[in-house]
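One-letter residues, chain by chain:
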Amino acid sequence: MKQYDVVIIGGGPAGMSAALNTKRMGKSVIILEKEAFGGQIATSPRVENIPGFKEISGVDFSGIFFEQITELGVDFDLENVLEVKKDGDLFIVKTDYNEYQAKAVIIAQGCQHRHIGVAREEELVGKGISYCAVCDGAFFKGEDVAVIGDANTALQYALNLTNYCNKVYLCMLFDRFFADSILIDRVLHNDKIVITKEIALQEFLGDKELTGLRFKNTKTGEEVTFDVKGVFIAIGQVPNPNICGDLVDLEKGYILVNENMETKTKGLYAVGDCTKKNYRQVATAVNDGLIAAVHVSNNLK
Ligand SMILES: Cc1cc2nc3c(=O)[nH]c(=O)nc-3n(C[C@H](O)[C@H](O)[C@H](O)COP(=O)(O)OP(=O)(O)OC[C@H]3O[C@@H](n4cnc5c(N)ncnc54)[C@H](O)[C@@H]3O)c2cc1C
């Protein structure tokens, strides 16, 4: 079994910040990531509120951060963590390939995309339905596509898709945006984006692949159909499944922590978007990672 002072679960901004600062404080540390280092921010085409970068793509930011931690000597592996258990004063972290023993564990699992819950959604993922414009937008070059959502992510997706697509239908459930005014302004002034408000998705059209979307107007009941080959669903996030059992307390799936990012179990920390908090952003995730790293390093024997 591999042994570390600290095992960090999740390679997004919170996990990488925790790794950076734990390593700098002289601890042995590994970061385990199930998909790709960078986390959610790697799916953002353009980020403008990370201190120190006037404007950067999420992929570039993640690449720089990953280089910073690996050059420092942080170990990493692409493994899905299935379970965290206590073993006396130590922790056992079980992945799909290995088991790790750690003096402390930092959970930085983040969130995942919320699904819209309309019939055949899972079946058509990858066949027209996507949750990431940066990852999949280029597949729809020259086509008409739709974005469902009304907050920052949806607006960023719509703007990004205008680089590839012919027309982008922005489909909103309510009659107002829940986004930064700078993004709203850009969307309103982009003539490739067609905004339709107060519509709720009823059906994904198409047999083996998506060919369109049927909506109903929430006020008038009138139906509207968009002929699109791609739809990008951006309606928020939900927490990832709990891998710590009763070692942590949850509220609506989010992990409860104190001001040092400690859970109810000594030596077990949680940071970033997976914790209960009001604002989920890169800056708050990075802040949490630093706090946990300093606290755990000061308290490890
Ligand atoms: C499209 C988009 C645009 C955004 N734009 C901005 C922006 O402009 N500015 C801003 O500040 N924030 C933005 N955000 C929010 C920001 O990305 C998040 O707040 C931030 O990434 C949270 O970091 P995190 O490390 O807590 O979680 P995440 O980024 O979610 O990272 C968690 C990581 O943990 C991994 N993981 C989960 N479970 C396991 C497991 N069991 N085993 C191993 N690994 C696991 C995941 O694969 C993921 O890589 C945006 C988010 C999205 C989706």
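Criteria and cut-off values
- Residues numbered from 1 in each chain as written.
- Predicted model: local features only at pLDDT ≥ 70, side-chain atom pairs only at ≥ 80, totals over all residues.
- Heavy atoms only, no water.
- 1 Å grid on protein atoms, 1.4 Å probe; cavity = no way out; pocket = protein on both sides within 12 Å on 5 of 7 lines; lining within 4 Å.
- Points joined across faces, edges and corners; volume = space filled by probe spheres on them.
- Nonpolar A, V, L, I, M, F, W, Y, C, P; charged D, E, K, R; others polar.
- Near = heavy atom within 4 Å.
- Polar contact = N/O pair within 3.5 Å; in protein donor to acceptor, adjacent residues only side chain to side chain.
- Areas by Shrake-Rupley, 256 points an atom, 1.4 Å probe, with all protein chains shown as cover.
- Helix = DSSP H or I, 4+ residues; strand = E, 2+ residues; numbered from the N terminus.
- Core = buried A, V, L, I, M, F, W, Y, C linked by side-chain atoms within 4.5 Å.
- Buried < 20%, exposed > 50% of the residue type's maximum accessible area, 1.4 Å probe, protein only.
- Contact = heavy atoms within 4.5 Å.

**Student:** It is not clear to me how empty space enclosed by the protein should be interpreted in this structure. Could you clarify?
**Tutor:** Over the atoms, a rolling probe the size of a water molecule traces out where space has been left empty. According to the stated counting rule, one finds 1 cavity of 30 Å³ or more in the structure shown. A volume near 50 Å³ is recorded for the largest cavity. For the lining of the largest cavity, the per-class residue count stands at 5 nonpolar, 5 polar and no charged.

**Student:** Got a minute to help me understand the site of the ligand in this structure?
**Tutor:** Near the ligand there are 35 residues, and of these Glu 33, Gln 40, Asn 49, Asp 273 and Val 282 occur at the shortest range. Note that an oxygen atom of the ligand is positioned 3.2 Å from one of the backbone N or O atoms of Pro 13. Between the ligand and Glu 33 there is a distance of 2.6 Å, counted from an oxygen atom to a side-chain nitrogen or oxygen. Taking 1,000 Å² as the accessible area of the ligand by itself, protein coverage stands at 95%. Sorting the residues of the shell around the ligand by element identifies α1 (13–24), β2 (29–33), α5 (152–161) and α7 (282–299) as the ones contributing at least two each. Per-element accounting of the shell around the ligand gives the leading share, 3 residues, to α5.

**Student:** I keep staring at the nonpolar core and nothing clicks. Help me out?
**Tutor:** Within soluble globular proteins, side chains that are nonpolar tend to cluster in buried spots. Counting residues in hydrophobic clusters, the biggest one holds 29 residues, and the most contacted among them are Val 6, Ile 8, Ile 31 and Ile 106. Elements that contribute at least two residues to this core include exactly β1 (2–9), α1, β2, α2 (58–72), β6 (99–107) and α7. Among the elements that line this core, the one with the most residues is α1, at 5 residues. Leave out the neighbours within four places in its chain, and Ile 31 touches Ile 8, Gly 10, Gly 11, Gly 15, Met 16, Ala 19, Phe 37, Ile 69, Val 74, Asp 75, Phe 76 and Asp 77. Core analysis: the next-biggest nonpolar cluster, separate from the first, contains 23 residues, Ala 133, Phe 140, Phe 177 and Ile 193 among them.

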